[in-house]
There are 4 protein chains.
Amino acid sequence: MSVEITHFVTSGPDDVTDLGRALHDAQAGGFAPRAIIAKTEGTATINDFSRALARRAIEDCVADRVGREDSVQIILSTGCEGVITPGGYLLSESTSGGIPGLAIGVARSQPLPASSMITMAHSQAAEAVVAQAIAAAGIDTGDVALVLMKSPVLTRLAASDLPSRQRELANSTALSRGVAALGIAAALGDIDPRELTDAAIGRRGDLYCRRAMVFSGTETQCCEAIVLGNRPGFPIAVRTGIVRDLIDIDGMATIIAPDSQHPIEAARQAAESGRVRAAFLKGGIAPDGRVRGQRTTAFSSDLDPDKHMRAAASGVLAALLGDTRSFISGGAEHQAPPGSGVFTVVMAG
Amino acid sequence: MSVEITHFVTSGPDDVTDLGRALHDAQAGGFAPRAIIAKTEGTATINDFSRALARRAIEDCVADRVGREDSVQIILSTGCEGVITPGGYLLSESTSGGIPGLAIGVARSQPLPASSMITMAHSQAAEAVVAQAIAAAGIDTGDVALVLMKSPVLTRLAASDLPSRQRELANSTALSRGVAALGIAAALGDIDPRELTDAAIGRRGDLYCRRAMVFSGTETQCCEAIVLGNRPGFPIAVRTGIVRDLIDIDGMATIIAPDSQHPIEAARQAAESGRVRAAFLKGGIAPDGRVRGQRTTAFSSDLDPDKHMRAAASGVLAALLGDTRSFISGGAEHQAPPGSGVFTVVMAG
Amino acid sequence: MSVEITHFVTSGPDDVTDLGRALHDAQAGGFAPRAIIAKTEGTATINDFSRALARRAIEDCVADRVGREDSVQIILSTGCEGVITPGGYLLSESTSGGIPGLAIGVARSQPLPASSMITMAHSQAAEAVVAQAIAAAGIDTGDVALVLMKSPVLTRLAASDLPSRQRELANSTALSRGVAALGIAAALGDIDPRELTDAAIGRRGDLYCRRAMVFSGTETQCCEAIVLGNRPGFPIAVRTGIVRDLIDIDGMATIIAPDSQHPIEAARQAAESGRVRAAFLKGGIAPDGRVRGQRTTAFSSDLDPDKHMRAAASGVLAALLGDTRSFISGGAEHQAPPGSGVFTVVMAG
Amino acid sequence: MSVEITHFVTSGPDDVTDLGRALHDAQAGGFAPRAIIAKTEGTATINDFSRALARRAIEDCVADRVGREDSVQIILSTGCEGVITPGGYLLSESTSGGIPGLAIGVARSQPLPASSMITMAHSQAAEAVVAQAIAAAGIDTGDVALVLMKSPVLTRLAASDLPSRQRELANSTALSRGVAALGIAAALGDIDPRELTDAAIGRRGDLYCRRAMVFSGTETQCCEAIVLGNRPGFPIAVRTGIVRDLIDIDGMATIIAPDSQHPIEAARQAAESGRVRAAFLKGGIAPDGRVRGQRTTAFSSDLDPDKHMRAAASGVLAALLGDTRSFISGGAEHQAPPGSGVFTVVMAG
């Protein structure tokens, strides 16, 4: 089995013109669509309904073309600040063609009750769903390069009947991401499961996964996973690494071109030649708001910290690739050391 | 005469601790403070009073230390989105020391009446004040590397008695910047003054200066200029160029290291070695919102376009320099071709 | 023919539970759904997609239950600031039952080309569609109590190929409302059509309709009208009047209880007894931002003026009715004298 | 001793023209300025510096005119959404004149260390400072009508070294208000001090003061109190009561005109005749976001809940008084039952 990854753009959350074309081309080429991961361009506030609209449009489009919409995992993340081009990636699978050696698996948990959220039960649900997706991908844990996960948010409304401790954690997208990342880390063997306790969530910066990107959302009650990995015996198709901070362009370049003397130039050439087929960046800023020792306003302004992160990161990655069509997201809680980030590249040829 | 340029940080708009130290050090070294240019970290909305607060704090600080506050030109610009470290530069002059060959001149126009704003009279006021500042710097027009200018905004309130045409232009920070940039361009000989008409303001994208950065503000009725240039016979101390777009990291690197084979690496080394003493970036996005042919949401989101630009640009420049302490601003109307930007670096040694 | 008007609430833009129930009840009672007018709770920014989502959900719901979705006119308006309860009204028609004497008519124009927008052609399209809707209602112009209209916005993107004059008017929701209101005024005979010129749009505060509420939107290219009126020979079912300003609670009360000595108390009693079946308020603030001679920050803050207006008006009307379920909208350009507003009440019994 | 209360308006946070006039008039009339309480018109975000600017301008103005600025207590609160006219009240004291029977006392605590904030120590500091202010007013606890208090916020930065529990409470303006209100309630005997524990803060909705309005702020580390009360033997000059909810116009009217058959009309007449000298409203919305049983978006939108509350409340109170110049604030945690509010009126004659 091999996997094709195709970028599509959108002119708005409900625009599926380019996605429809990508689905058509995939099917015409004998590929079965497996997953869609996209950014929508809403306000990223609690009353932003861009993901709900995009999901409705994408599900209708997939149902039209593929038939059974459940067979395609859809993960949507909001926020296209800076120079992020709204759009996403379609991942399709076939017995031949595409990027040889690239493996994909998807899985979805049962809906989590509110009382489980931001607790170890939430983490364990994430862990279990990752194990399922790895199995679906048909690879070993060690060959997993990236786990993309959607994790539910404990909303204020849903928390209203819960104990006061949990109520105070409501509406936190950071905790939704962090708790799921701990579960992924356990599934991948990146942390010792005995370290995991409720008290660790959002507090133990030393516990983190190195191959995960988590997106929170109120649109689902489930943990939803897409696993990407490399099949043994093929050239490496997908590579993930920790980048030092949001502006670590050298770190990103080195993940793209690990053997180069001039990694930035080599990465640019790889991008220009079309060998960089997809790039995912999850950036964070340390809790003290500092980057390379200097203050930023990421945590002390009217803008949500994620907007600062996404917009700044979009500049860095677009500068490196000469292209604004990447998947960029903020908030790397328990996905990387505090202040660091995760960068993944899918390469062909 | 030579000029020293010193960066200072702020923990808030009214924090002058570091500036005070810089002023003290300058005076102790025999330097006379000439100009302060700084970014404040407010919301950049019409009800953002961060500049007014910073001005009050800086004027008090300057009055305490320098005596006559009028002798120091202060230009403040709001917006520290992304990874911009709030702070600014102090420019001081002496007969020896500092950066040899770096020249500075400042000037301020009379207050403009509201009826003149966003008309040729506004442009002509900018032109005249630049000529004054160049004379004060004691250099020729051809040796000017950068004109920094504060230009007044025609507020809705001030426009309420004006003709309806002018009322409809009120509150536009873009037009405030654009009309002043046209005047600077005329002063520097970058455009033919016969091209300048009211109808050209904000419309003729082919008319632009190449050595100016303009900041709009409601806090002044005057055009206020700081001119930086190079004295003949010295190594080039300040260099300005057009960069292709917000993500043109190669263009920025080449302005820092024009003769290098590997400009990004050379620029990084110059920054790390301390030879990059100041960096100013004025970034723009083309009116269609596209960067390298791809859509962005800069003009179609809840965020002011300038916030997208500043935040994305902050990532690019910080990635290049490995440092978040630069001066970054959005909105390059008539300062560069649509979609392009202006980059200036002050280098020592 | 008579008309029933039913309020429904929503828990989000895509929640049609209560609307579905209202549609079911209407049909079970022999009523044919004619129109839905609702408020959605998005951010009311250019990247707010709450109306698109609501429209999709409502159209699906109507198609499910009514069959031919085109037969029901849907007008959506965003903004539930303050104490506005998200929701709307379903208007259904029958030969008997409902509110006797209440008449309804709907109509929709052809899509307007961008080049027509914010010109007299836009106004004339509004005028024509009102005439059609009045005819559909089967009443005389003099019996029209309220015209609700959705008017298209000239977006920046659509305007990019238009002359610079029109480009500068792009993205203005105020002008979209104003130009349509002038057309409605012409249709209703409230203003002399010879007064209407392009130059009057947004400028001639003395030209206004007295029986219209207009909502702008990027989701349509058409002028879409819902006309409500009274059939002669029945008790007055719907009454509209100008209110002095946003805080004119006496004016609102007097429209509800025109003959009372103590109108506020009488209005409250009418509301508590269930006789107030629907209330629509369109509030404005004069261009100088003053209310009863005192400054407000409606035009000089980070919030869109409409948000100030809607939120403040929601307090006034909810205080009067003891109920937060009304239809409240800001921006009364050419719908009332500058600073004034329009208030409509539908009463039964 | 008697007290004069004078309203002043501002055209911006640093405008002290009208306040200067009020100070001049007070002193010319033999009054000693005691307190200034004002609203500023910033964005009410963490990077809103309007209060810092206003404080600087007011302190300079007071220092110029009164001499020793410490003698005048200054409380500033941000947020003029809706139809709130930016401005405030000057309270001055004299042996004769002004409003007979109106008493004032002010006091300020020592700066609180971060480790005390949002704990019982914070509450106790508030309690002690109220006792001091009551003593300064020379009245009994039972004669206190209103305690206005500024309470410090535990900022994220200050909390960074504190235990994780306290770090999670950082940046909460609601908890800053709530904890201080509990202390005021203890000082006034409104709650049993044995009920007070850290666990009660922000959680025990049944514990509340009935005569307090608390404003949070990062600009002070102290609890700062202004107490207003009535001297026995005089007509009641200041009256406070709980209002049912934000839209309880009848409740407000009844506090102004307690003996009237038609309280709204009587309140209006009192306002129009000039007998209402000041009005303070502290409004809240219940944690479930409902008003009179219906949903609002106060806790589920892009706007801070306080902005919804202030804007809606401004409409209600302005509708009642026919005047937009009142002091309106949101967030009544532990100051009234959840969802209720506090209303105070100062009346003369």
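As a reminder, the structure under discussion sits directly above these lines.
Residues numbered from 1 in each chain as written. Chains lettered and ligands numbered in written order. Predicted model: local features only at pLDDT ≥ 70, side-chain atom pairs only at ≥ 80, totals over all residues. Heavy atoms only, no water.

Novice: Requested: an account of the relation of the copies chain D and chain C, with residues and values cited.
Specialist: For these two chains of identical sequence, chain D goes onto chain C by a turn of 180° and a shift of 0.0 Å along the axis, with RMSD 0.0 Å. The operation mapping one copy onto its partner corresponds to a two-fold rotation axis. A shared binding surface is used by both copies, with 100% of the interface residues of chain D retained as interface residues in chain C. (Least-squares fit on C-alpha atoms with pLDDT ≥ 70 in both. Contact = heavy atoms within 4.5 Å.)

Novice: Could you give an account of the nonpolar core, naming the residues involved and the relevant values?
Specialist: With 69 residues, the main nonpolar core has I256(A), L320(A), F343(A), I256(B), L320(B) and F343(B) as its most contacted residues. If sequence neighbours within four positions are ignored, F343(B) has contacts with M213(B), R239(B), T240(B), G241(B), V243(B), M252(B), I255(B), I256(B), A279(B), F280(B), L281(B) and L317(B). Judged by nonpolar contacts, the second largest core, of 67 residues, contains I247(C), I264(C), I285(C) and M347(C). (Core = buried A, V, L, I, M, F, W, Y, C linked by side-chain atoms within 4.5 Å. Buried < 20%, exposed > 50% of the residue type's maximum accessible area, 1.4 Å probe, protein only.)

Novice: Summarise the interface of chain D and chain C; cite the residues concerned and give the values.
Specialist: Of the residues lining the interface, 43 residues belong to chain D; the matching set on chain C comes to 43 residues. Surface buried jointly by chain D and chain C totals about 3,200 Å² across both partners, of which 57% is contributed by carbon and sulfur atoms. The largest share of the area that chain D buries against chain C comes from I247(D), Q294(D) and R295(D), three residues that together contribute 17% of it. Our count for the chain D to chain C interface comes out at six salt bridges. Across the pair D302(C) and K307(D) runs a salt bridge whose closest N-O atoms are separated by 3.3 Å. The interface formed by chain D and chain C includes 17 residue pairs in polar contact (both at pLDDT 80 or more). Broken down by secondary-structure element, the contributors of at least two residues to the side of chain D that touches chain C are α6 (249-256), α7 (263-272), β12 (294-295) and α8 (305-321) of chain D. In terms of residue count, the dominant contributor to the side of chain D that touches chain C is α8(D) (nine residues). Residue composition of the side of chain D that touches chain C, grouped by class: 17 nonpolar, 15 polar and eleven charged. (Buried area = accessible area lost by both parts, 1.4 Å probe. Salt bridge = Lys/Arg side-chain N within 4 Å of Asp/Glu carboxyl O. Polar contact = N/O pair within 3.5 Å; in protein donor to acceptor, adjacent residues only side chain to side chain. Helix = DSSP H or I, 4+ residues; strand = E, 2+ residues; numbered from the N terminus. Nonpolar A, V, L, I, M, F, W, Y, C, P; charged D, E, K, R; others polar.)

Novice: How would you summarise the relation of the copies chain A and chain B if you had to cite specific residues and measurements?
Specialist: The operation relating chain A to chain B is a screw motion whose rotation component is 180°, with 0.0 Å of axial translation and a residual RMSD of 0.0 Å. The overlap is high: 100% of the interface residues of chain A also sit at the interface in chain B, so the same surface is used on both sides.

Novice: Give me helix α3 (residues 120-137) of chain C: which residues, what numbers.
Specialist: All names here are of chain C. Along its 18 residues, α3 runs 26 Å from first to last C-alpha, staying within 8% of the 26 Å computed at 1.5 Å per residue. Listing the buried residues of α3 in full gives M120, H122, S123, A125, A126, V129, V130, A133, I134 and A137. Against β5 (102-108), β6 (144-152), α5 (173-188) and β8 (224-230) lie the buried residues of α3. A side-chain oxygen of the first residue of α3 lies 3.1 Å from the backbone nitrogen of A121; this N-cap is T119. Just beyond α3, the residue with positive phi is G138, at close to 70°. (Expected span 1.5 Å × (residues − 1).)

Novice: Break down the sheet that holds strand β1 (residues 2-9) of chain B for me, citing the residues and quoting the values.
Specialist: Residue and element names in this part refer to chain B. In spatial order, the strands read β1-β4-β2-β3; together these four strands make up an open sheet with mixed pairing. Either end of the sheet is taken by a strand with one partner, and the two such strands are β1 and β3 (73-78). Looking at each pair of strands side by side, their axes are set apart by 15° on average, direction ignored. Examined bridge by bridge, strand β2 (residues 32-40) and β3 share six bridges and lie parallel to one another. (Pairing = 2+ DSSP bridges. Axes fitted to C-alpha atoms, helices over the stretch in contact; angles between N-to-C directions.)

Novice: Describe the pattern of salt bridges, listing the residues and the values that go with them.
Specialist: Counted under the stated rule, the structure contains 88 salt bridges over all chains. Here R268(B) and D250(A) are joined by a salt bridge, their closest N and O atoms 2.5 Å apart. Of the two residues, R268(B) is situated in helix α7 (residues 263-272) and D250(A) in helix α6 (residues 249-256); the pairing between them involves two chains. The class for R268(B) is buried, based on a relative accessible area of 12%. The shortest N-O distance in the salt bridge between E333(C) and R177(C) comes to 2.8 Å. Linking E333(C) in the loop between β13 (327-330) and β14 (341-347) with R177(C) in helix α5, this pair joins segments that are 156 residues apart in sequence.

Novice: Tell me about the packing of aromatic side chains, and please be specific about residues and values.
Specialist: This model, assessed by the stated rule, comprises twelve aromatic pairs over all chains. With centroids separated by 5.7 Å and ring planes inclined at 45°, the aromatic side chains of F280(B) and F327(B) adopt a geometry described as tilted. Taken together, the positions of F280(B) in strand β10 (residues 276-283) and F327(B) in strand β13 (residues 327-330) put the pair 47 residues apart, joining distant regions of the chain. Residue class for F327(B) comes out buried when judged on its relative accessible area of 1%. Joined through ring pairs, the aromatic side chains of Y89(A), F215(A), F280(A) and F327(A) make up one cluster. Its end group placed over the ring of F327(A), K39(A) keeps NZ or CZ at 5.3 Å from the ring centre. Over the face of the ring belonging to F299(A) we find R156(D), whose NZ or CZ atom lies 4.2 Å from the ring centre. (Phe/Tyr/Trp six-rings, centres within 6.5 Å; stacked < 30°, edge-to-face > 60°. Lys NZ or Arg CZ within 6 Å of the ring centre and 35° of its normal.)

Novice: Account for the environment of V214(B), with residues named and values stated.
Specialist: Residues and elements named next belong to chain B. Looking at the secondary structure, you find V214 in strand β7 (residues 212-217). Separated by 80 residues in sequence, V214 and I134 place their C-alpha atoms 16 Å apart. Excluding residues that lie within four positions of it along the chain, V214 makes contacts with M149, S151, R177, A180, A181, I184, K282, G331 and Q335.

Novice: Which residues make up the sheet that holds strand β3 (residues 73-78) of chain A, and what values go with them?
Specialist: Residue and element names in this part refer to chain A. Across the sheet, four strands lie side by side as β1-β4-β2-β3; this open sheet has mixed pairing. Looking at the sheet topology across the chains shown, the edges are occupied by β1 (2-9) and β3. Averaged over neighbouring strand pairs, the angle between their axes works out to 15° when direction is ignored. Relative to strand β4 (residues 87-94), β1 is paired through eight bridges, and the arrangement is antiparallel. Within β4, the residue paired with V3 across the bridge is E93. Contacting β1, β2 (32-40) and β4, helix α1 (residues 17-28) crosses the sheet at an angle of about 155° to β1.

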